[in-house]
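Residue-level structure breakdown
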Amino acid sequence: MGPQLVDSADVLGPADEQRVLGAVDALYRDHQVKLWLVYVNDFGSMSARDWAARTAELSDFGDRDLLLAVAVDDRGYWFDGIPPASITDAEVESLLADTVEPDLREEKWAQAGIDTAEGLGAAARGGGASSGVLVLTALAVVVAAGLLVLVMRRRRHAKDRAELATARGMDPTDSAALSRLSLPTLHALSKERLVEIDDAVRTSEEELALATGEFGETAVTPFRNALNAARAATAKAFALRQQLDDAVPETPDQQRALLLDLLATTGKADRELDAQVADFDAMRDLLIDAPARLDALTRTVVELTARLPAADTELARLDATYPPAMLTSVRDNVRMARERITFAQNNIDAARDVLTKPAGQQGGAVAAIRAAEAALGQARTLLDTVEHAASDIQQARDGLPAALDELRADLAAASTLTEFGGTQLSGAMATATTTLNTVDDADPLGAFHEVVTADADLDRAIAAASDRKLAVEDLRRRLDRTLLDATSRIDAASSFITTRRGGVDAEARTRLAQAQRHLDQARQQAGADPELALRSAQAAAESGGRALQEAEASVRAWETRQPMSGGGQTGAVLGGILLDGLLRGAISGSRGGGYGSRGGGYRPGSFGGSSGSRRVSRGGRF
């Protein structure tokens, strides 16, 4: 083929030819794409497609040669060739349908060629903006971006300050809440927490050194243990901070994990120290109030000693009234109470002796006072138990049958929840069964205690299992509803695509395939892992909805590109009954029709796969 513009139909004047050639030359200069334009009266006995293909073959066209052939008398045209990768098939289709065909229909022969060249050029450069416009646009964007950066920076700083203030009040062990914070906030908070815990450890060390000199090593042992634990946690936190600050970069996810670990570690160290504050202060206050505390303890010794004779008498009466087995838990109480009172008195005397020593040597009084307080508290409990034994035994004897009945009923209820109870329920059921089989009526106090304890454990296990059962049932109900929703959405999308597949692109079909895959997974997972199945079903429902939306959008776009025609052929193509040769690479001839109908070549759908190539072969009648 000779020149890139051939006007055998003589429809172009000299000026028109120059305009067309200018556009053709610009297309080649800017994008190295050769556009050949041929205007003839008719295509002879050949179809438009065959004429264009034969011409391209005889002219030995390459990968960057494009042909637009126009038969002015037959009012037909064809566009043939392989566009460059920067031009999509959809862009070619839009150019021909929306621009070139209207030009030809109005017999704007030169304009059709110019628009073809300029349209291909615009598509190749992504929209056709000139370099000057691009520069001005870029400058405007830079200025606007600069202003936006200033505004956004101020807003970001205010937001960061507010987020940090909120973060300071968060529980350091609440990883879920902390993980929602931004990385800059986590970094700032971690540095604050490191300074705070390091100061706390240093201050605690100084205070503990003074307390050790005053009260002795034994008295401060709990506080030293807490300080050692806090010191170890603080060292770990500093090691994590060093890892974040070293020359080896971490990904954002790795940084977040390290920061959450650091904050939890400093929080643990802080709690170790805070847990001992009350006892530490009490130890120091105890020495200040020691004389008054010792006087109060002496009065308690006198009171409890006065109760011993009555307790002896009551224990003798119990021995005469009840079998020995019923008194096992109280038989030694009076003797043990005397021992506790004696021990307390000895510590009271020792504390008074220590208080006569110079300041700084009185720390031993603290341990003696605490020992006396503990001993007198136990003595009081022992005597109270003897005094109340008779009424307690009677209440236990009266309440034991009902307690046993309740334990049996709870055991029966528990047997219906074994699927949801786990080890907690199975252990509680085993204990309850053993208690029922070994209960000793001869010791109503012991038996009643064992039954009540076993029943309480079983009640807690039943409550937990019941909650899990309700949760599982609720999960399964939600799963069933979500599966139904997903199935409905997928069916709707599938039906829509099936009946309109001629106009549905790959995106919608991909979403549908994804939805079906999630739905199949959900059904497979439903029995073993309903929670995972629910997530899969939700994903299926979402993908199914997106598939329908994208399919509807694709069909609307397809319909806007179709000319008005009768005979139902357009609907048959949309429904996939007739396959557009562009989709199957099998256009064979041209369609009939008048103004506004396109040629193209369609054939009925049949069994088999798709075929095609990158070559665009498109045309019709105008």
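Criteria and thresholds
- Residues numbered from 1 in each chain as written.
- Predicted model: local features only at pLDDT ≥ 70, side-chain atom pairs only at ≥ 80, totals over all residues.
- Heavy atoms only, no water.
- Helix = DSSP H or I, 4+ residues; strand = E, 2+ residues; numbered from the N terminus.
- Buried < 20%, exposed > 50% of the residue type's maximum accessible area, 1.4 Å probe, protein only.
- Areas by Shrake-Rupley, 256 points an atom, 1.4 Å probe, with all protein chains shown as cover.
- Core = buried A, V, L, I, M, F, W, Y, C linked by side-chain atoms within 4.5 Å.
- Contact = heavy atoms within 4.5 Å.
- Salt bridge = Lys/Arg side-chain N within 4 Å of Asp/Glu carboxyl O.
- Pairing = 2+ DSSP bridges.
- Phe/Tyr/Trp six-rings, centres within 6.5 Å; stacked < 30°, edge-to-face > 60°.
- Lys NZ or Arg CZ within 6 Å of the ring centre and 35° of its normal.
- Right-handed = clockwise from strand over helix to strand, strands pointing away.
- pLDDT = per-residue confidence, 0-100.
- Axes fitted to C-alpha atoms, helices over the stretch in contact; angles between N-to-C directions.
- Parallel < 35°, antiparallel > 145°, perpendicular 65-115°, else oblique.
- Left-handed = near helix turned anticlockwise from the far one by under 90°.
- Expected span 1.5 Å × (residues − 1).
- Polar contact = N/O pair within 3.5 Å; in protein donor to acceptor, adjacent residues only side chain to side chain.

**Regarding the overall build of the protein chain**
Scanning the protein chain for helices and strands turns up 19 helices and seven strands. Across the 622 residues that make up the protein chain, the buried fraction comes to 39%. With an accessible surface of roughly 32700 Å², the protein chain has 55% of that area assigned to carbon and sulfur atoms.

**With respect to the nonpolar core**
Leu297, Leu318 and Tyr322 are the most contacted members of the largest nonpolar core, which totals 33 residues. Only helix H11 (290–321), helix H12 (333–355) and helix H13 (364–415) provide two or more residues apiece to this core. With 13 residues, H13 is the single largest residue contributor to this core. Discounting residues that sit within four places of it in the chain, Leu297 has contacts with Ile348, Ile369, Ala372, Glu373 and Leu376. The next biggest cluster of nonpolar side chains, apart from the first, holds 32 residues, and it includes Tyr39, Val92, Ala110 and Ala124.

**Concerning the pattern of salt bridges**
Evaluation of the coordinates by the stated rule reveals 32 salt bridges. Close ionic contact of Arg293 with Glu373 constitutes a salt bridge, the shortest N to O distance being 2.6 Å. One end of the pair, Arg293, is in helix H11; the other, Glu373, is in helix H13, with 80 residues separating them in the sequence. When its relative accessible area of 32% is taken as the criterion, Arg293 is described as partly exposed. Using a relative accessible area of 30% as the deciding quantity, one classes Glu373 as partly exposed. Residue Arg477 is joined to Asp474 by a salt bridge in which the shortest nitrogen-to-oxygen separation is 3.9 Å. Taken together, the residues Arg477 and Asp474, both in helix H15 (residues 444–499) and three residues apart, mark about one turn of the helix. A residue is classified by how much of its surface remains accessible, and Arg477, at 44% relative accessible area, is partly exposed. A relative accessible area of 31% means that Asp474 is categorised as partly exposed. Each of Asp332, Arg335, Glu339 and Arg340 takes part in one network of salt bridges that share partners.

**Some details on the pairing of strand S4 (residues 76–81)**
Each regular strand carries side chains that alternate between the two faces of the sheet. By the criterion of burial, S4 is predominantly enclosed, with six of the six residues buried. Covered by surrounding structure in S4 are Gly76, Trp78 and Asp80 together with Tyr77, Phe79 and Gly81, the residues of both alternating faces. From the end of strand S3 (residues 65–71) to the start of S4, which pair antiparallel, there are four residues, and Arg75 there has a positive phi angle of about 50°.

**Considerations on the packing of aromatic side chains**
Centre distance and the angle of the planes are the two values used to describe a pair of aromatic rings. Counted under the stated rule, the structure contains two aromatic pairs. Both rings, one in Trp36 and one in Phe61, keep their centres 5.3 Å apart while their planes meet at 20°; by these two values the pair is stacked. One end of the pair, Trp36, is in strand S2 (residues 34–40); the other, Phe61, is in the loop between helix H2 (48–58) and S3, and 25 residues separate them in sequence. Across this residue pair, the class does not change: Trp36 and Phe61 are buried. Each ring, one from Phe43 and one from Trp51, has its centre 5.1 Å from the other, and the planes form 40°; the classification is tilted. Sitting above the plane of the Tyr28 ring, Lys34 keeps its charged end 5.9 Å from the centroid.

**Here's the deal with the environment of Glu207**
Relative to the elements of secondary structure, Glu207 occurs in helix H7 (residues 183–215). Remark: the alpha-carbon pair of Glu207 and Phe280, spanning 73 residues in sequence, is separated by 9.8 Å.

**Points about the pairing of S3**
Burial analysis of S3 places seven of its seven residues in the buried class, the great majority of the element. Of the two faces of S3, the one carrying Asp65, Leu67, Ala69 and Ala71 and the one carrying Leu66, Leu68 and Val70 are both buried. Since S2 and S3 lie parallel, the crossover through H2 that links them has a hand, and here it is right-handed. In this sheet, S4 lies alongside S3 in antiparallel orientation, the contact comprising six bridges. Each bridged residue has a counterpart across the sheet, and for Leu67 the counterpart in S4 is Asp80.

**Quick word on the confidence of the model for the protein chain**
Per-residue confidence for the protein chain averages 82 on the pLDDT scale, and 83% of its residues sit at or above 70. Here residues 581–603 scores under 50 on pLDDT; set against residues more than four positions off or in separate chains, the count is 77 contacts. Here residues 606–613 is modelled with pLDDT under 50, and outside its nearest four sequence neighbours on either side it reaches eight contacts, counting other chains as well.

**A word on the packing of H13 against helix H14 (residues 418–438)**
Viewed as axis vectors pointing N to C, H13 and H14 meet at an angle of 150°, and their least axial separation amounts to 10 Å. If you check the angle between H13 and H14, you find them roughly antiparallel. For H13 against H14, the interelement crossing comes out left-handed. Of the residues in H14, those touching H13 at Leu404, Leu407, Arg408, Leu411, Ala414 and Ser415 are Thr418, Leu425, Met429, Ala432, Thr433, Thr435 and Leu436.

**Side note on helix H9 (residues 252–274)**
Between its first and last C-alpha atoms H9 spans 33 Å; for 23 residues at 1.5 Å apiece the expected length is 33 Å, and the two agree. Taken together, the buried positions of H9 are occupied by Gln255, Leu258, Leu259, Leu260, Leu262, Leu263, Thr265, Thr266, Gly267, Ala269 and Leu273.

**Some details on the side chain of Arg193**
Tracing the chain through its elements places Arg193 in helix H7. Using a relative accessible area of 16% as the deciding quantity, one classes Arg193 as buried. Within the structure, the side chain of Arg193 is placed 3.2 Å from the side chain of Glu196, a separation counted as a polar contact. In contact with Arg193, other than residues within four places in its own chain, are Ala167, Arg168, Leu263 and Thr266.

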